[in-house]
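Read off the chains here:
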Amino acid sequence: MKKNLLLIGAVIVGFISFSFIQEEEIPQEENKPVVEYKVITSVESIVPSGLGRSRLISSNAERDYAEFTSERTEENNKRNKSKRKDIRVKDFEETKLLNFFNLGGIRFQNIVANDAVITSKLIAMGQEGWELAFVTSSSESDAGEGDGKGIFVTRYIFKRVRTE
């Protein structure tokens, strides 16, 4: 008897709960917010003697990746024929940064100067409505005697909802 009462009670609670659940409206395509992304890249030289170039760069041009994408299959193994000149961007913003090294070795003042410039850019992006979504970095450092090459690359990926 108790089992039956519990079962009936559970069914009644279930029906009552179900009746209060409102159907969530699925947004229509025209109401769907459009998210845009922007990538800012810092390239900081870790070349000894301060001979490298360091920059904070971002594109002012847009590219559609689909124009430069091909799909390869076992049956269709043709190489991507995209032209480099069509992919290349010549309209970009470039901010000079200082190299990590000078003739005396690692230069900590240069590193904090770069931090200040990059922070200024991040603040400006935030004021323009961009939200910092991801940060990723990597380096290619000296690979041994006589190499003398290296860079430290950081990509700052921003997003915002387009307000048009």
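Residues numbered from 1 in each chain as written. Predicted model: local features only at pLDDT ≥ 70, side-chain atom pairs only at ≥ 80, totals over all residues. Heavy atoms only, no water.

The next subject is a positive patch on the surface. A cluster of basic side chains, namely R72, K78, R79, K81 and K83, defines a positive patch on the protein surface. Positionally, R79 belongs in the loop between β2 (54–59) and α2 (84–87). (Patch = residues over 30% accessible without salt bridge, like charges linked within 9 Å, V, L, I, M, F, W, Y side chains within 5 Å. Areas by Shrake-Rupley, 256 points an atom, 1.4 Å probe, with all protein chains shown as cover. Salt bridge = Lys/Arg side-chain N within 4 Å of Asp/Glu carboxyl O. Lys, Arg positive; Asp, Glu negative; His and termini not counted. Charge placed at Lys NZ, Arg CZ, Asp CG, Glu CD. Helix = DSSP H or I, 4+ residues; strand = E, 2+ residues; numbered from the N terminus.)

Bringing the sheet that holds β2 into the picture now. One open sheet accounts for 5 strands, arranged β3-β2-β1-β7-β6; its pairing is antiparallel. If you trace the sheet from one side to the other, it starts and ends with β3 (92–97) and β6 (131–140), each paired once. Ignoring which end each strand starts from, the neighbouring axes of this sheet average 15° apart. In this sheet, β2 lies alongside strand β1 (residues 35–45) in antiparallel orientation, the contact comprising 4 bridges. When the bridges of β2 are listed, T41 appears paired with I57. (Pairing = 2+ DSSP bridges. Axes fitted to C-alpha atoms, helices over the stretch in contact; angles between N-to-C directions.)

Looking at the chain as a whole, the pLDDT averages 81, with 77% of positions reaching at least 70. Taken element by element, the chain is modelled with least confidence in helix α1 (residues 2–20), mean pLDDT 43, and with most confidence in helix α3 (residues 108–127), mean pLDDT 96. Below a pLDDT of 50 lies the segment residues 1–24, which in the model reaches 0 contacts outside its immediate sequence neighbourhood of four places, other chains included. (pLDDT = per-residue confidence, 0-100. Contact = heavy atoms within 4.5 Å.)

Over its 20 residues, α3 extends 29 Å from the first C-alpha to the last, a length consistent with the 28 Å expected when each residue adds 1.5 Å. Listed in full, the buried residues belonging to α3 are N110, N114, I118, K121 and M125. Each buried residue of α3 sits inside an arc of 60° when the element is viewed along its axis, so together they form one side. Relative to its buried face, α3 has exposed residues pointing more than 90 degrees away, namely F108, Q109, V112 and Q127. Tucked inside the fold, the buried residues of α3 contact β1, β2, β3 and β7 (151–161). One or two steps after α3, the chain reaches G129, where phi turns positive at roughly 95°. (Expected span 1.5 Å × (residues − 1). Buried < 20%, exposed > 50% of the residue type's maximum accessible area, 1.4 Å probe, protein only. Arc of directions from axis to C-beta.)

In the structure shown here, the tally under the stated rule is 5 salt bridges. A salt bridge links R55 to E94; the nearest nitrogen and oxygen atoms lie 3.3 Å apart. A residue pair is termed long-range when its members are at least 10 positions apart, and R55 in strand β2 and E94 in strand β3 qualify at 39 residues.

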